[in-house]
Amino acid sequence: ARELNVKYRTALNWWHIYEETEGVPYKNSGKNSGLKSSFTTEHNEYITKLLDNDPQIFADDIINSLTEQFEGFTISKSQTNNHLRNTMLITAKKPTF
């Protein structure tokens, strides 16, 4: 308990669970992992082609191109930027005038 920096009773409960199940006890996350991304691999491939053709493309242009190419596809700027940054590891510039 001291090594793990937990209370004695917690360590004792973990030990009892380990003896019963022969496995390490863990707690399932009760939190919702959020909505699934509305981007598919087809969308990712299309974005990659856009960036190959024009590496200086703006995020707004990517959104407009996606909505024109895929009927019924709507996405916000923040969702697009989060997807590009976190999933595709790409940063898109914002237009400055």
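Okay, so let's go over this structure. Nothing here was measured: the structure is a model prediction, and the numbers come from that model.

Attention shifts here to helix H4 (residues 77-87). Every buried residue belonging to H4 is among Thr 80, Asn 81, His 83 and Leu 84, and all of these are buried. Angular distribution of buried residues about the axis of H4 spans 160 degrees; they occupy a single face of the element. Opposite its buried face, H4 presents the exposed residues Asn 86 and Thr 87, each directed more than 90 degrees away. Buried positions along H4 lie against helix H2 (41-53) and helix H3 (59-69). Backbone geometry just after H4 places Leu 89 at a positive phi near 55 degrees.

To continue, consider the environment of Ile 47. Relative to the helices and strands, Ile 47 resides in helix H2. Overall, Ile 47 belongs to the buried group, its relative accessible area being 0%. In the structure, Ile 47 is positioned 19 residues away from Leu 66 in sequence and 7.9 Å away in space, judged by C-alpha atoms. Excluding anything up to four places from it in sequence, Ile 47 contacts Phe 39, Ile 62, Leu 66, Leu 84 and Met 88.

The next point concerns the pattern of salt bridges. Pairing is possible between side chains of opposite charge, provided their charged atoms come close. Enumeration according to the criterion identifies 1 salt bridge in this entry. Taking the shortest distance from any N to any O, the salt bridge between Lys 77 and Asp 60 comes out at 3.4 Å. Highlighted residues: Lys 77 in helix H4 and Asp 60 in helix H3, separated in sequence by 17 residues. The class for Lys 77 is partly exposed, based on a relative accessible area of 48%.

Cut-offs used in this document
- Residues numbered from 1 in each chain as written.
- Predicted model: local features only at pLDDT ≥ 70, side-chain atom pairs only at ≥ 80, totals over all residues.
- Heavy atoms only, no water.
- Buried < 20%, exposed > 50% of the residue type's maximum accessible area, 1.4 Å probe, protein only.
- Helix = DSSP H or I, 4+ residues; strand = E, 2+ residues; numbered from the N terminus.
- Arc of directions from axis to C-beta.
- Contact = heavy atoms within 4.5 Å.
- Salt bridge = Lys/Arg side-chain N within 4 Å of Asp/Glu carboxyl O.

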